[in-house]
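# Analysis of the macromolecular model
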Amino acid sequence: MATSVKAAAGNSNMLKFMKLIGQLKRVPRTGWVYNNVKKPESVSDHMYRMAMMSLTITDPTVDKDRCIRMALVHDMAECIVGDIAPSDNVPKAEKHRREEEAMTHLTSQLPEELKQEIFGLWEEYETQSSPEARLVKQFDLLEMVLQAYEYEELEGTPGRLQEFFDSTNGHFHHPDVLQLVSSLNEERGRHMNKTENVKNSGNSQTTGATSVHTLQQ
């Protein structure tokens with residue numbers, strides 16, 4: 001009987017945990033909200049592609065599975081505290097305190113071994129204390145600028161979200177990440193140049209039409 005009660009309590013806590021992290025599907029990424037992006041991605045959207053980036057990494061010197069797990073938990077606290085952006089002007093120490101408190105509450109719903117694993121992965125990422133944590137941080141920034149470029153494409157507003165690219169200057173170091181960033185910048189540059197050329201062509205045509213009209217008068 002005692003075992004059954006314990007199992008029921010464990011299942012209830014796991015369900016509570018799953019409902020809490022499910023909130024991440026409904027927490028929009030604050031940076032996009034502040035920049036008036038229509039239908040901004042959720043925190044869970046962001047973490048999913050980071051996990052896929054971790055899955056596709058080819059570097060044998062890092063633990064791929066650990067990177068995937070870290071990508072899946074690094075923003076987990078935001079289901080409780082929300083996505084705190086730099087422009088919110090919350091001190092780094094205070095942001096960490098809030099998120100640590102949230103992670104303590106979240107993981108308290110889990111069996112002890114799983115609790116230690118998830119909290120440990122989150123803490124490792126926060127302190128950037130391993131090669132895996134440092135790589136996942138670069139994936140965090142890479143995913144952000146890739147999403148920024150995609151929004152520019154969707155909106156037809158090349159260059160509008162440049163501030164997100166500027167904020168990553170000097171933060172990419174891993175060779176695989178640098179290659180992806182280079183490809184992204186090249187594609188974005190071509191897109192911006194093409195748009196500028198089309199714009200200039202349209203202006204030239206307008207100027208020409210005006211000149212002809214003036215001569216006719």
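Every value quoted in this text rests on a predicted model; they were computed, and no experiment measured them.

Below, the discussion takes up the environment of Glu143. Positionally, Glu143 belongs in helix 8 (residues 131-155). Note on Glu143: relative accessible area 1%, which makes it buried. Residues Glu143 and Met53, 90 residues apart in the sequence, show an inter-C-alpha distance of 8.5 Å. Those residues in contact with Glu143 that lie beyond four places of it in its chain are Glu41, His46, Arg49, Met50 and Met53.

Moving on: helix 8. A rise of 1.5 Å per residue sets the reference length of helix 8, with its 25 residues, at 36 Å; its end C-alpha atoms lie 36 Å apart and thus fit the reference within 8%. Once helix 8 ends, the next one or two residues include Gly156, with phi positive near 70°.

A few words now on the nonpolar core. In this structure, Trp32, Met103, Phe139 and Leu142 are the most contacted members of the largest nonpolar core, which totals 48 residues. Contact partners of Phe139, with chain neighbours within four places excluded, come to Met50, Met53, Ser54, Ile57 and Val177.

The next thing to look at is the pattern of salt bridges. One pass over the full model with this rule turns up twelve salt bridges. With its nearest N and O atoms 2.9 Å apart, the salt bridge here joins Arg98 to Glu94. Pair noted here: Arg98 and Glu94 are both in helix 6 (residues 92-107), with a separation of four residues, about one helical turn. For Arg98, a relative accessible area of 33% corresponds to the partly exposed category. For Glu94, a relative accessible area of 24% translates into the label partly exposed. The salt bridge partner of Arg97 is Glu101, with a shortest N-O separation of 3.5 Å. Linking Arg97 with Glu101, this pair stays in helix 6, spanning four residues, or about one helical turn. Judged by relative accessible area, which is 52%, Glu101 ranks as exposed. Among the charged side chains, a network of salt bridges with common partners joins Glu94, Arg97, Arg98 and Glu101.

Conventions used here
Residues numbered from 1 in each chain as written. Predicted model: local features only at pLDDT ≥ 70, side-chain atom pairs only at ≥ 80, totals over all residues. Heavy atoms only, no water. Helix = DSSP H or I, 4+ residues; strand = E, 2+ residues; numbered from the N terminus. Buried < 20%, exposed > 50% of the residue type's maximum accessible area, 1.4 Å probe, protein only. Contact = heavy atoms within 4.5 Å. Expected span 1.5 Å × (residues − 1). Core = buried A, V, L, I, M, F, W, Y, C linked by side-chain atoms within 4.5 Å. Salt bridge = Lys/Arg side-chain N within 4 Å of Asp/Glu carboxyl O.

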